[in-house]
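Overview (structure and organization)
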Amino acid sequence: MLKLAVLVSGGGTNLQAIMDAIDAGKITNAKIEVVISNNKNAYALERAAKKGIDHLCISPKDYESREEFNRVFLEKLDSYQVDLVVLAGFLVVIPAEMIQKYRNRIINIHPSLIPSFCGTGYYGLKVHEGVLARGVKVTGATVHFVDEGTDTGPIILQKAVSVEQGDTPEILQRRVMEQAEWQIMPQAIDLIANGKVSVVDGHVQIAE
Ligand code: GAR
């Protein structure tokens with residue numbers, strides 16, 4: 001059974017999709033051990049509470065320095081002894097020590113087709129604003145392993161979504177979530193939980 005920690009900052013619709021997929025048997029061999037938020041007002045925490053899943057908030061605001069926050073965060077995460085850390089709309093920069101310790105055991109969902117509209121400054125609605133400003137006709141979402149760069153780790157799954165005339169960032173965000181994020185995030189977890197994902201020379205291979 002793959003033990004998961006899901007890290008969140010906001011609404012938690014991706015967390016909800018993961019919980020629903022576990023209930024529906026679309027993700028097998030996986031269990032959420034803990035949900036951790038950096039923001040005490042994140043609705044994601046309520047979603048975890050409703051499911052009876054352990055949940056907690058560790059906010060940088062409560063610590064004197066970023067180093068202190070990082071230390072406490074990693075200590076708490078380690079105490080759950082999880083196999084996979086899932087960044088589901090987690091908007092905090094992951095410290096290098098955590099990336100080293102959990103090499104190829106941290107995955108992130110990004111709301112675009114990497115390498116477009118990703119990297120520093122591209123998160124949440126800003127991604128969709130960038131897509132509309134450039135006028136591309138196809139966008140989507142990407143699940144990838146986290147490495148030292150921003151959105152640069154090995155890509156596990158991607159799904160394309162059409163940009164429609166008249167889209168606002170909010171409308172596009174919702175379509176990307178519905179048609180891509182809420183599908184490929186659970187799918188990626190299921191593949192990992194069932195031993196189908198490996199990283200070879202920096203690229204992901206998925207077993208049949
Ligand atoms: C999602 O769209 C996710 O892809 C994005 O934040 C949103 C969180 O929504 N993540 C990033 O932009 C990471 N760079 P949620 O809290 O409802 O899952």
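None of these values were measured; they are calculated from a predicted model.

1. Side note on the overall build of the protein chain
Secondary structure summary: the protein chain contains six helices and nine strands in total. On the principal axes, the C-alpha backbone points of the protein chain span a range of 45 × 45 × 35 Å. Long-range contacts, defined here as pairs at least 24 residues apart, represent 63% of the contacts in the protein chain between residues at least 6 apart. Split by element, the accessible area of the protein chain, about 10,400 Å² in all, is 48% carbon and sulfur. Between the centroid of the 21 positive side chains of the protein chain and the centroid of its 25 negative side chains there is a distance of 3 Å.

2. Observations concerning the site of the ligand
As a matter of local geometry, the ligand sits amid 14 residues, with Gly12, Thr13, Asn14, Gly124 and Glu181 nearest to it. A distance of 2.7 Å separates an oxygen atom of the ligand from a polar side-chain atom of Thr13. One of the side-chain N or O atoms of Asn14 is found 2.9 Å from an oxygen atom in the ligand. Isolated, the ligand exposes 450 Å² of accessible area, and the fraction of that covered by the protein chains is 91%. Among the secondary structure elements, those contributing two or more residues to the shell around the ligand are helix H1 (13-23), strand E5 (106-110) and helix H6 (169-193). Partitioning the shell around the ligand into residue classes produces five nonpolar, eight polar and one charged.

3. As for the packing of aromatic side chains
Tallied over the entire structure, the rule returns four aromatic pairs. Plain terms: the ring middles of Phe69 and Phe73 are 5.6 Å apart, the flat faces sit at 50° to each other, and that makes the pair tilted. Residue Phe69 and its partner Phe73 are both found in helix H3 (residues 66-79); the two are separated by four residues, about one turn of the helix. Under the relative-accessibility criterion, Phe73 is labelled buried at 5%. Their ring planes at 90° and their centres at 6.1 Å tell us that Phe117 and Tyr122 sit as a pair that is edge-to-face. By relative accessible area, Phe117 is classed as buried at 16%. Here a set of aromatic residues connected by ring pairs shows up, and it is made of Tyr63, Phe69, Phe73 and Phe90.

4. Points about the pairing of strand E1 (residues 2-8)
The buried fraction of E1 amounts to six of the seven residues, a majority that puts the element mostly inside the structure. As paired elements, E1 and strand E2 (residues 30-37) share seven bridges and run parallel to each other. By the bridge assignment for E2, Val8 is matched with Ser37. Handedness of the crossover is the feature at issue here: the chain leaves E1, passes through H1, returns alongside E2, and the resulting connection is right-handed. Here E1 pairs with strand E4 (residues 84-87) via four bridges, running parallel. Looking at E4, one finds that Ala5 is bridged to Val85.

Procedures and definitions
- Residues numbered from 1 in each chain as written.
- Predicted model: local features only at pLDDT ≥ 70, side-chain atom pairs only at ≥ 80, totals over all residues.
- Heavy atoms only, no water.
- Helix = DSSP H or I, 4+ residues; strand = E, 2+ residues; numbered from the N terminus.
- Contact = heavy atoms within 4.5 Å.
- Areas by Shrake-Rupley, 256 points an atom, 1.4 Å probe, with all protein chains shown as cover.
- Lys, Arg positive; Asp, Glu negative; His and termini not counted.
- Charge placed at Lys NZ, Arg CZ, Asp CG, Glu CD.
- Near = heavy atom within 4 Å.
- Polar contact = N/O pair within 3.5 Å; in protein donor to acceptor, adjacent residues only side chain to side chain.
- Nonpolar A, V, L, I, M, F, W, Y, C, P; charged D, E, K, R; others polar.
- Phe/Tyr/Trp six-rings, centres within 6.5 Å; stacked < 30°, edge-to-face > 60°.
- Buried < 20%, exposed > 50% of the residue type's maximum accessible area, 1.4 Å probe, protein only.
- Pairing = 2+ DSSP bridges.
- Right-handed = clockwise from strand over helix to strand, strands pointing away.

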